[in-house]
Structures are given as C-alpha cells and as structure tokens.
Amino acid sequence: MGKNIYFTVGPSQLYPTVRKHILEALDNDILSISHRSLKFKEIFKTAQGNLRKLLNIPDSHQVLFLSSALEAMERVTQGVVANTSFHIITGSFGKTWFNIAKNLGKTPLKIEAEAGDGVDLSKLKIPKEAEVICITQNDTSFGVAIPMEDIYKLRDRYPKKLVAIDIVSSAPFLGIDFSKIDIAFFSVQKGFGMPAGLGVLIISPQALKKAQKITKKGISIGSFHSLTALSEKAKQYQTPETPNVLNIFLLSKITEDFLKLGIKRLRKETEEKAELIYNFAKTHPNFNPFVKEKKYYSKTTIVIDVKGQSKMILEKLKQKGFIVGSGYGSLKEDHIRIANFPSHKLADIKTLLSSF
Ligand SMILES: *Cc1c(COP(=O)(O)O)cnc(C)c1O
C-alpha cells in the first residue's frame, strides 16, 4: 500500500488492513447510512467495545468520539475546569493545551521542563486551586514520555483532583489503570494507523459529575459537543452531530485487527523495535537520543539528535522510500523523529536503520 513507508509521527503509515476496510465500507454502503440508524449504532458499539477490550477500559468509564485531540483538549478544559487547571509540560503539545485553557478564559498554571527533559512528579507540588492535572503523557515534539507509575503516585498524593492525560502518540501501546485516571484522549492518525479526523475521549463518572457541577454554576461547558451532550448521546451509541462514520467504522475494524494480534504482542513488538532504534542512536558515531534520561524515553515517538544534519538525512532516506520526520519547531534541523507504531514492521525498521 502506497509508494513510501511513513515513519512520520502523525499522520503516519496506514495500518496494512486499512485499504481492505475502506473497500468494505464502500461495498456495504456504510458511507450512506443514517447516523441514527441501527446499523450505525452497531458500528459505534463495536468500535467502543473493541476499544474497551484492547485498552482495558472499565464499564465505569465512557468512550466518546470527537473530531481530534485538540478538540479533546478544549472539551476537557471547558468541561471540567471552572477556573484553574494545572499543566505538566514537556513539549509543544503540552503548551498547546495550556494555551487552549488560557484562550477559554481559564487560569491555567504550569510546570514546564527544558526541551528533552522530563518532569519529576515525585517532588511536584500541585497548587490547591488546581481542579485538574493535565499531563501530556507522551509529548511527540521532543519524544518525552512520563511513566504511568509516576502519574499514579501523583494521583495518590492528590486524590481529590482530576487527572487528564494526552495519550495521542502512545496509544494503544500504553497500558493504563483507569481506576487512577479520569480522562484520557487520543486521535487515530498516530498509533492506530488510520486516516486523521477522529478523536477518542475516555472519561470517568467523577469527571462527568464535575461537568454537571460547572453547568450548575452558570459556566458554559460548550454546546452540541459538550462532555454532557456527548455522554448522553453515547449512551444510545450515537454522537450529537453527523460524525466521521468512515473513521468510526475503520476504528471498529482496526481494533479488531489489534485484538487478533493481541495487545501483549503489540506491546512487546513496540518495545523491541524501540530498543533497536535507541541502540542505533546510542552507538552511532554522530547521533544521540535527544531525551537525556532513559526514564523519559518515548517508546513510540523517538527523537534523535543528528547534530544539524536532519535535512540531508531525510533527503537520503526519502530516496529509498522512507519518510522520516524532521525536528519540531526551532529544532527542525537538529533532530529527526521516528515513529514506532503498530503499522511499522520490525523488518522495515531494520531496513530503515541500515539505510542511513
Ligand atoms: C498529534 C498530537 C496532538 C494533536 O492531535 P490532532 O489529532 O491533530 O488534534 C495532540 N497531542 C499530541 C501528543 C500529539 O502527538
């Protein structure tokens, strides 16, 4: 499928079965059926049920469909923050979330790491007024990942605060204990190997209660896509608007493919491929992993410091059919970024690494 292999961090290489599933959608009129029909509800239910199995989402938590991860940041901030959110920032996506909160008229607070550093959560003091702790679990810009164990411990120290995590570029690899997480969200064009245009938000009953509380205070939590509106419709396996039916259908199929492969195997393969890539970066005479501490190494979006050689390397790899990402923002020339998603086969990673 396709001419090149995309190791870009999103959109990325499509999962190999996407073509087959799109053809099935066309052949079975999936793109013409009503979003209020029984057939659509079944697709919604399957996508949601498969995600529950794959990510071990308990019945207590709801699965909602949005348009993107940035939308999720906005909905979450509107929905569960009356005044103050606290943001743990290790890259540009954390910054984006913080700015969304500001633009919505909230009072966000933050701790921000230097590029390539993590944040030590064990020593972190969260201000009293913070209602929700917002964490970019895997910041795609610098390849910094916050270990889930650290997040659980932080949650244990602040049991009354809500915890919301951005898992856009770590799902479905990341294992999550949802008893300690109120909100997690991702979009599908990264680890799920799908076309862009669908966001998934997993939410606890406590977080939904908070949304109702905020509404009662007279603060707007949004309109047709408020957390409450999404939650009410999701109970009937529907969305308030006409959704991205194709992507919900594809998600129902891709999750089935992942379940067949097995989440254990998917995670083990991701670990193995990540180790190959990090070893390559560490043993290369001119390169280094950009993230300093191993503890914060992302397994799914790996950033390599190539000492200003990014443009030349990307060009060379492109000629061999490998599309690799440049560095983020001002580090464009200094870094390359390699995605390690389920769509990326071990053999392709090996060929990629021998093509530098
Ligand atoms: C890509 C990305 C987003 C934004 O996702 P969209 O689908 O473009 O809204 C947010 N957070 C992280 C960590 C990302 O990698």
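Look above for the structure.
Here the structure is a predicted model, which means the values were calculated and not measured.

1. Structural notes on the pattern of salt bridges
Pairing is possible between side chains that carry opposite charge, provided their charged atoms lie close to one another.
Phase 1: For the structure shown, the criterion picks out 17 salt bridges.
Phase 2: Measuring nitrogen to oxygen at the nearest pair gives 3.0 Å for the salt bridge that ties K295 to D150. Of this pair, K295 sits in the loop between β11 (288-289) and β12 (301-305) while D150 sits in helix α5 (residues 148-157); the two residues are 145 residues apart in sequence, bridging distant segments of the chain.
Phase 3: The class of K295 is partly exposed, set by a relative accessible area of 41%.

2. Here we look at the sheet that holds strand β8 (residues 162-166)
Two orientations exist for strands paired in a sheet by backbone hydrogen bonds: parallel and antiparallel.
Phase 1: Taken in spatial order, the seven strands make up an open sheet running β2-β10-β9-β8-β5-β3-β4, and their pairing is mixed. Among the strands making up the open sheet, the edge pair consists of β2 (62-66) and β4 (109-112). In this sheet, neighbouring strand axes are inclined to one another by 15 degrees on average, regardless of whether the strands run parallel or antiparallel.
Phase 2: Most of the contacts of helix α3 (residues 69-80) go to strand β9 (residues 183-187), to which it runs at about 155 degrees, and overall it touches β2, β5 (132-136), β8, β9 and β10 (199-203).

3. Regarding the packing of aromatic side chains
Phase 1: Applying the stated rule across the entire model yields 14 aromatic pairs.
Phase 2: Ring centres of F186 and F192 lie 4.8 Å apart, and the angle between their planes is 5 degrees; on these two criteria the pair is classed as stacked. Comparing F186 with F192, the two get one shared label, buried.
Phase 3: Among the aromatic residues, ring-to-ring pairing joins Y15, F186, F192 and F258 into one connected group.
Phase 4: Just above the ring of F290 sits the side chain of K292; from NZ or CZ to the centre is 5.5 Å.

4. With respect to unusual backbone geometry
Phase 1: With an omega of -5 degrees, the peptide bond between G10 and P11 qualifies as cis.
Phase 2: As for its placement among the helices and strands, P11 is situated in the loop between β1 (5-6) and α1 (18-27).
Phase 3: Following A171, the chain continues into P172 via a peptide bond in cis, with omega recorded as 0 degrees.
Phase 4: With respect to the helices and strands, P172 occurs in the loop between β8 and β9.
Phase 5: Even without a glycine there, the phi angle at D29 is positive, about 60 degrees.
Phase 6: Here D29 shows up in the loop between α1 and α2 (38-55).
Phase 7: Although it is not a glycine, Y237 sits at a positive phi angle of roughly 55 degrees.
Phase 8: Locating Y237 in the fold gives a position in the loop between α7 (227-234) and α8 (245-261).

5. Regarding the sheet that holds β12
Phase 1: Pairing in this open sheet of four strands is antiparallel, and the strands run β11-β12-β15-β14 from one edge to the other. Strand pairing shows two members of the sheet lacking a second neighbour, β11 and β14 (325-326), which therefore form its edges.
Phase 2: Here β14 pairs with strand β15 (residues 335-339) via two bridges, running antiparallel. Paired with S326 across the bridge in β15 is I336.
Phase 3: Where helix α9 (residues 263-283) meets the sheet, its contacts fall on β11, β12 and β15, and the angle it forms with β12 comes to roughly 5 degrees.

6. Description of a nonpolar patch on the surface
Phase 1: Nonpolar side chains collect at one region of the surface, where L23, L26 and L31 lie side by side and expose about 280 Å² of accessible area between them.
Phase 2: Relative to the assigned elements, L26 resides in helix α1.

7. A short note on α7
Phase 1: Here α7 has its buried residues at L227, L230, S231 and A234. The arc that holds every buried residue of α7, seen down its axis, measures 100 degrees, which confines them to one face.
Phase 2: Buried-residue contacts for α7 involve α2, β2, α3, β10 and α6 (205-216).

Analysis parameters
One numbering rule holds for all chains: residues counted from 1, following each sequence as written. Where totals are concerned, whole chains, interfaces and linings use all residues; where local detail is concerned, this predicted model gives features only for residues with pLDDT of at least 70, and gives and counts side-chain atom pairs only at 80 or more. Side-chain numbers come from the whole structure's heavy atoms, not from hydrogens or water. The working definition used for a salt bridge is a side-chain nitrogen of Lys or Arg within 4 Å of a carboxyl oxygen of Asp or Glu. Helix numbers and strand numbers start at the N terminus; a helix is a DSSP run of H or I with at least 4 residues, a strand a run of E with at least 2. A 1.4 Å probe rolled over the protein chains alone gives each residue an accessible area, and that area as a share of the maximum for its type sets the label: buried under 20%, exposed over 50%, partly exposed in between. Here, strands pair whenever DSSP counts at least two bridges between them. Structural elements are reduced to axes, namely lines fitted to C-alpha atoms, with helices fitted over the stretch in contact, and the angle between N-to-C directions of any two is expressed from 0 to 180 degrees. Every residue pair with non-hydrogen atoms within 4.5 Å of one another is taken to be in contact. Each Phe, Tyr or Trp ring (for Trp, its six-membered ring) is paired with any other whose centre lies within 6.5 Å, and the angle between the two planes then decides the class: stacked below 30 degrees, edge-to-face above 60, tilted in between. Any Lys NZ or Arg CZ found within 6 Å of a ring centre and within 35 degrees of that ring's normal is scored as a charge over the ring. Distance thresholds for patches are 9 Å for like charges and 5 Å for nonpolar side chains (Val, Leu, Ile, Met, Phe, Trp, Tyr), applied to residues having over 30% relative accessible area and no salt bridge. The accessible surface values rely on the Shrake-Rupley method and a 1.4 Å probe; as for residues, cover is taken only from the protein chains in view. In this description, the arc belongs to the directions extending from the helix axis to the C-beta atoms.

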